[in-house]
Amino acid sequence: MATVTVTNSNFQADVLDSAEPVVVDFWAEWCGPCKMIAPALEEISAQYAGKVKIAKLNIDENPELAAQYGVRSIPTLMLFKDGAVADTKVGAAPKTALSAWIGGAVA
């Protein structure tokens, strides 16, 4: 399963109302570190298919959600469980670290 794109219009349904945990990647087109972790997130999405959903939210296109969740630097990854933020990771990290963080959260 590939990453999904979330926006103001589908955030409630795809993230907050999701039956499975969702990792939201708050990113922007101009962000170098965001682009660096994007391929790793795609691979992790396939690795954890059915256990966790990986979603991408462009902060330039959805500034209200970034402000609502206090995103001050990107990339910021937030893990949502049962409609609430369960954990947050700020900054780029290698795939092994991202996978371990997400795997630990959904185990």
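The structure this text deals with has already been given above.
Here we summarise the structure given alongside this text. Per-chain numbering applies: the sequence of each chain, read as written, is numbered from 1 onward. The model is predicted, so local features are restricted to residues of pLDDT at least 70 and side-chain atom pairs to those at 80 or more, both for listing and for counting; the totals for chains, interfaces and linings are taken over all residues. Neither water nor hydrogens contribute to the side-chain values; these are computed over all heavy atoms in the structure.

1. Structural notes on the nonpolar core
The test is simple: By nonpolar core is meant a set of buried Ala, Val, Leu, Ile, Met, Phe, Trp, Tyr and Cys residues that side-chain atoms within 4.5 Å join together. Residue exposure (1.4 Å probe, protein chains only): buried if accessible area is under 20% of the type maximum, exposed if over 50%, otherwise partly exposed. Each helix corresponds to a stretch of at least 4 residues labelled H or I by DSSP, and each strand to a stretch of at least 2 residues labelled E; elements are numbered beginning at the N terminus. Note on definitions: a residue-residue contact is assigned when non-hydrogen atoms from the two residues lie within 4.5 Å.
F11, V24 and F26 are the most contacted members of the largest nonpolar core, which has 21 residues in total. Of all the secondary-structure elements, those providing two or more residues to this core are α1 (11-16), β2 (22-27), β3 (53-58), α3 (63-68) and β4 (76-81). Looking at this core element by element, the count peaks at 4 residues for β2. Setting aside residues up to four positions removed in sequence, F11 forms contacts with V6, L16, V24, L57, L65, Y69 and F80. Formed by 15 residues, the second largest nonpolar core is a distinct cluster that contains I37, L41, A93 and A105.

2. A word on the state of the cysteines
For clarity, the threshold we go by: In what follows, a disulfide is any cysteine sulfur pair within 2.5 Å.
As enumerated under the stated definition, the model contains 1 disulfide in all. The partner cysteine of C31 in its disulfide is C34, sulfur to sulfur 2.3 Å. Handedness of the C31-C34 disulfide follows from its S-S torsion of about 80 degrees: it is right-handed.

3. Here we look at the pattern of salt bridges
Put simply, the test is: What counts as a salt bridge is simple: a side-chain nitrogen of Lys or Arg found within 4 Å of a carboxyl oxygen of Asp or Glu.
Taken as a whole and judged by the stated rule, the model has 3 salt bridges. D25 serves as the salt-bridge partner of K56, at 2.8 Å between the closest nitrogen and oxygen. Residue K56 is located in strand β3, and its partner D25 is located in strand β2; the two are separated by 31 residues in the primary sequence. The exposure class of K56 is buried, given its relative accessible area of 14%. E29 is the partner of K35 in a salt bridge, and the nearest nitrogen-oxygen pair spans 3.9 Å. Since its relative accessible area comes to 48%, E29 is described here as partly exposed.

4. Focus on the packing of aromatic side chains
What counts is decided by this rule: A pair of aromatic rings is counted whenever rings of Phe, Tyr or Trp (Trp by its six-membered ring) have centres within 6.5 Å, and the orientation is called stacked for planes under 30 degrees apart, edge-to-face for over 60 and tilted otherwise.
By the definition in use, this model includes 4 aromatic pairs. Centroid distance F11 to Y69: 5.6 Å. Interplanar angle 45 degrees. Geometry classified as tilted. Taken together, the residues span a long stretch of sequence, with F11 in helix α1 and Y69 in the loop between α3 and β4 at a distance of 58 residues. A single burial state applies to F11 and to Y69, both of which are buried. Taking 6.5 Å as the distance between ring centres and 50 degrees as the angle between the ring planes, the aromatic pair formed by F26 and Y69 counts as tilted. Here F26 is found in strand β2, whereas its partner Y69 is found in the loop between α3 and β4, with 43 residues between them in sequence. Its relative accessible area of 0% is what places F26 among the buried residues.

From the geometry alone we can't say anything about function, so treat these as descriptive.
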